[in-house]
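# Per-entry structural report
Here is how the chains run, residue by residue.
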Amino acid sequence: MDFDFDFLFDIFIVKKLTNIKMAEFIYEKPFQMGKDNTIYKLLTDKYVTVIEEGGRKILKVDPKGLEILSKQAVSDLSFYLRTSHLEKLASILDDPEATDNDRFVAYMMLRNTVISSKEDLPWCQDTGTAIVIGKKGEDVRTGGKDAEYLSKGIFETFKEKNLRYSQVVPFTMFDEKNTGTNLPAQIDIYSTEGMSYEFLFITKGGGSANKTFLYQQTKSLLNEDSLIRFVKEKIKDLGTSACPPYHLALVIGGTSAEATLKTVKEASAGYLDQLPVTGNAAGRAFRDIEWEKKIEKICHEYGVGAQFGGKYFVHDVRVVRLPRHAASCPVGLGVSCSADRNIKAYINGEGIFLEELEKNPVRFMPAKAPELQRPVDINLDRPMKEVLAELTKYPVKTRLNLSGTLIVARDIAHAMIKKMLDEGKPMPDYFKNHPIYYAGPAKTPEGMPSGSFGPTTAGRMDSYVDLFQSLGGSLIMLAKGNRSRQVIDACKKHGGFYLGSIGGPAAILAAENIKAVEIVDFKELGMEAIRQIRVENMPAFIITDDKGNDFFDEYNK
């Protein structure tokens, strides 16, 4: 009689595996938060009552209170920042290891905060997508239309304040329209135990939202050498287009890709700072303080610094470790930018409470501005050939003061001009005669020439540059962040330049540098319309020159 020994071996293995003793049941909260040291203010003690029902206390919240809360929260975070964030900016000015560029950017951001705190000009012109994360206790009653009332409050703030409508909705796969309200918002409400309702409000601009990355890795990443190599490589993906210095979050693990990225968002907003610092058998999330210090050091040594060279690519780093499926190792990377617009709130039986942001930012201003080498004055109101001939005298990194006429155009306007060219129409003269500023303004306050009007991410226009420059347009471009190799090559081929403006301080530009604004084309596009503006002493740096040199090449080899 023949025996199938392979079959018998398989039976043996199955029996051994099925006889493995199963671990005991364990459940703990995945995110175990310590004491919240946030300072809150009482917004109102109205709209809340505590009743008894079925032998237990119930918190009844008039949904109008949700509307009032979201309205004030989104207003506050559009004009004010956290005290802790401003302390980190101020510390850059006192750090002997900070470069002149670091200090210049930090000083401008502090000045921008002082201007923004007057509540006329928002800190950044991209006033963002409104995001609300709510944790609603099971003993809280609101009537169930929470997202509607929270949305109404956001609507009211964007209607009344000088913010920007950035949300577009699709009617077909390719046809879109701006809603004119900045809705819809992203509202995520979770159920939890208790008799309180907790919130995190965020307004996230496109620049920082676009710098959220998911990397599907494996167990091979989980050793010191591999993780250091990974971090050094991936921070280059961030670049400067999201306006550093950053609050950077790295999340390793996660039960799903979406759980990983949700944790990135919360960690970058400082929402998970009170996590424990060790893991356990239940798989709780924890902060790895040692790796936070290691990655912060890597970022400081990267060299890009606060946008134009130096130490302060980040303010701080949060590293969160999560459980994972044995076959998966999702890794999330993201930032909260210099417009660090995050605010917490809660509702309980005593009222509606909102995090207290810094209302007196002038106390962080130094007695005098940092002493820097004088910038080169560039008169833009000359023939394009003369301006190009002036710029070619100076190396990459040169700081400039721009005065004269700029044409403002961004994504949709570039697409419209490309369509015109495809139809055989000529490049518009305004694109050939003036530098192009990639930007889109917020609403203009009464009596002022401009609303907040900072630069947008340059990289979104990269695909147009070679064609436009070949036809005499876009020979000088002004925006924020790094460009692709195709732009560097196009500038070398066509004699063009890319100038970097400080990403972030849009209120300063509106208050001090932009003297006149008028629409010159595509008025129907609203914020995306092509404008002509006149500027005085607008700061910029040469990032890409006409010889094939690029500021970021030094750091991204």
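Predicted, not measured: the structure shown is a model, and the values here were computed from it.

## With respect to helix α14 (residues 485-494)
Within the sequence span of α14, burial applies to Val487, Ile488, Ala490 and Cys491. Buried residues in α14, looked at end-on, bunch into an arc of 160°, giving them a common side. Turned more than 90 degrees away from the buried face of α14, the exposed residues are Lys492 and Lys493. Among the structural elements, α13 (462-470), β20 (476-479), β21 (497-500) and β23 (530-544) are those in contact with the buried residues of α14. Looking one or two residues past α14, Gly495 carries a phi angle of roughly 80°, positive in sign.

## Looking at the environment of Pro245
Checked against the element boundaries, Pro245 lands in the loop between α7 (224-238) and β11 (246-254). When the C-alpha atoms of Pro245 and Cys337 are compared, they prove to be 6.8 Å apart, with 92 residues separating the residues in sequence.

## Let's talk about the packing of aromatic side chains
Applying the stated criterion to the full structure yields 15 aromatic pairs. A centroid spacing of 6.0 Å and a plane angle of 65° characterise the contact between Tyr430 and Phe431, whose relative ring orientation is edge-to-face. Taking the relative accessible area as the measure of exposure, Tyr430 reaches 15% and is therefore buried. Here the aromatic rings of Phe551 and Phe552 are separated by 4.8 Å at their centres, their planes lie at 80°, and the arrangement is edge-to-face. With respect to class, Phe551 is no different from Phe552; both count as buried. Among the aromatic residues, those joined into a cluster by ring pairs are Tyr430, Phe431, Tyr464 and Phe468.

## Observations concerning the side chain of Gln125
Within the secondary structure, Gln125 sits in the loop between α4 (100-116) and β4 (129-137). Here the side chain of Gln125 touches Gly454 through a polar contact of 2.9 Å, landing on its backbone nitrogen. A distance of 3.4 Å separates a polar atom in the side chain of Gln125 from the backbone oxygen of Pro455. Not counting residues within four places of it along the chain, the set of residues in contact with Gln125 comprises Arg164, Gly440, Ala442, Ser452, Phe453, Gly454, Pro455 and Ala506.

Scoring rules and cut-offs
Residues numbered from 1 in each chain as written. Predicted model: local features only at pLDDT ≥ 70, side-chain atom pairs only at ≥ 80, totals over all residues. Heavy atoms only, no water. Buried < 20%, exposed > 50% of the residue type's maximum accessible area, 1.4 Å probe, protein only. Helix = DSSP H or I, 4+ residues; strand = E, 2+ residues; numbered from the N terminus. Arc of directions from axis to C-beta. Contact = heavy atoms within 4.5 Å. Phe/Tyr/Trp six-rings, centres within 6.5 Å; stacked < 30°, edge-to-face > 60°. Polar contact = N/O pair within 3.5 Å; in protein donor to acceptor, adjacent residues only side chain to side chain.

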